[in-house]
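Tertiary structure, described
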Amino acid sequence: MLDIAICNDNITELENQLAILDRYQEQRPGFSMRVRRFQALYDLVDHLRWGGGCHLCLLDYHLRQPWMDGRSPQAVLREKAPGLAIVAFTASPHAAFLHPRPDDPLDLAACLPLPLADTDVFQVLDRVAAELAPEVQPPETVLVLPTPGGQREIPCHRLARAHYRGHVVRCVLADGEEVRSSVLRVPFSQLIQPLLQTGNFAWVSASCVVNLAFVRRLDKEASQVEMDGGAFIPVPRAAFAGLRNSLEAYQSRLVDE
């Protein structure tokens, strides 16, 4: 079980963070986590002092400002819980980072830009869980696809792309297998939302998403994307920049990891 503490004296922001964690849990039904909320930093410290467990803390405080006995909040928290992963927030996109930085004096697990995006929070939670004991690691995200033969769960690492037409989804897997859904009763965007929130998938058009791990190259002149295996998918010119940005962010994350 992953123990998470949220400390924020703004009740609206606190509720927003809890809602993001609820969505994370919904998309990983086999993953166990426990969330505790604190509106005061002193209450969180007392919780840790009396043996309360915590692996990860989402902390909305000015961490560089001296606090207890002239020490920063992160120093006080880690004294009570060695190894605690702390995630802070910033209003400056240039100060944000999703992975620890060697030159960060606060040794944060991440510093996320505001307003918080589900994708950023989900990536940090997955990484922290993977760094801990195997029993807290989250299961892989799957696409739950209704098919004429019954419900099928497709692991996201096997799904190369998904096309939508006439209320039916055609999934192309890494080995070339194609899986077709039955007639959908929910919007395509709702069905594939868990995939998009991994940060590994991106929209090509309103009727197609691709796994960025299978993108071979983008061709701006022809306005298309070439996939591993040789498939070419047209990209609307209005969507090309967004797809390119998603691919660059994905590749940058691979380098950081």
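Up top you'll find the structure we're talking about.
What comes next is a walk through the structure. Being a predicted model, the structure only gives us computed values, none of them experimental.

The final tally for this structure, using the stated rule, is 14 salt bridges. Of the charged contacts, one joins glutamate 131 and arginine 127 as a salt bridge, the two residues approaching to 3.7 Å between their closest N and O atoms. Of this pair, glutamate 131 and arginine 127 both sit in helix 4 (residues 118-131), four residues apart, which is roughly one turn of that helix. Glutamate 131 sits in the exposed class, given a relative accessible area of 57%. When the shortest N-O distance is used, the salt bridge between aspartate 219 and arginine 217 registers 3.9 Å. Each of Arg216, Arg217, Asp219, Glu226 and Asp228 takes part in salt bridges that share partners, so that together they form one network.

Read across the sheet, five strands follow the order 10-9-8-12-11 without closing on themselves; strand pairing throughout is antiparallel. Of all the strands in the sheet, just strand 10 (178-180) and strand 11 (201-205) have a single pairing partner and so form its edges. Averaged over all pairs of adjacent strands, the angle between strand axes in this sheet comes to 20°, irrespective of strand direction. Taken together, the three bridges between strand 8 (residues 159-165) and strand 12 (residues 208-211) define a ladder with antiparallel strand orientation. Its bridge partner lying in strand 12, histidine 163 is registered against cysteine 208.

The full count for this structure, using the stated rule, is zero disulfides. No disulfide involves cysteine 54; its nearest neighbouring cysteine sulfur is the one of cysteine 57, lying 5.6 Å away. On the basis of relative accessibility, which here comes to 15%, the residue cysteine 54 falls in the buried class. Take cysteine 156: it sits in no disulfide, and the sulfur closest to it among the cysteines is that of cysteine 171, at 12 Å.

Following the criterion strictly, the structure yields three aromatic pairs and no others. Both rings, one in tyrosine 24 and one in phenylalanine 122, keep their centres 5.2 Å apart while their planes meet at 65°; by these two values the pair is edge-to-face. Residue tyrosine 24 is found in helix 1 (residues 11-26), and its partner phenylalanine 122 is found in helix 4; the two are separated by 98 residues along the sequence. One exposure class covers both tyrosine 24 and phenylalanine 122, and it is buried. Seen from their ring centres, tyrosine 164 and phenylalanine 188 are 4.9 Å apart, and the 5° between their planes marks the pair as stacked. Of this pair, tyrosine 164 sits in strand 8 while phenylalanine 188 sits in helix 5 (residues 188-191), placing them 24 residues apart in sequence.

Summarising the sheet, strand 8 and strand 9 (residues 168-173) pair through six bridges and their orientation is antiparallel. Across the sheet, residue histidine 163 finds its bridge partner in strand 9, namely arginine 170. Hairpin geometry of strand 8 and strand 9 is characterised by an intervening segment of two residues between the two adjacent antiparallel strands and by a positive phi of about 60° at glycine 166. Two elements, strand 9 and strand 10, share three bridges in a ladder whose sense is antiparallel. Within strand 10, the position partnered with valine 172 by the bridge is glutamate 178. Here strand 9 folds back onto strand 10 in antiparallel fashion, the turn holding four residues, of which glycine 176 has a positive phi close to 95°.

So, how was this worked out
Residues numbered from 1 in each chain as written. Predicted model: local features only at pLDDT ≥ 70, side-chain atom pairs only at ≥ 80, totals over all residues. Heavy atoms only, no water. Salt bridge = Lys/Arg side-chain N within 4 Å of Asp/Glu carboxyl O. Helix = DSSP H or I, 4+ residues; strand = E, 2+ residues; numbered from the N terminus. Buried < 20%, exposed > 50% of the residue type's maximum accessible area, 1.4 Å probe, protein only. Pairing = 2+ DSSP bridges. Axes fitted to C-alpha atoms, helices over the stretch in contact; angles between N-to-C directions. Disulfide = S-S within 2.5 Å. Phe/Tyr/Trp six-rings, centres within 6.5 Å; stacked < 30°, edge-to-face > 60°.

Without other data, these values stay purely geometric and don't point to any function.
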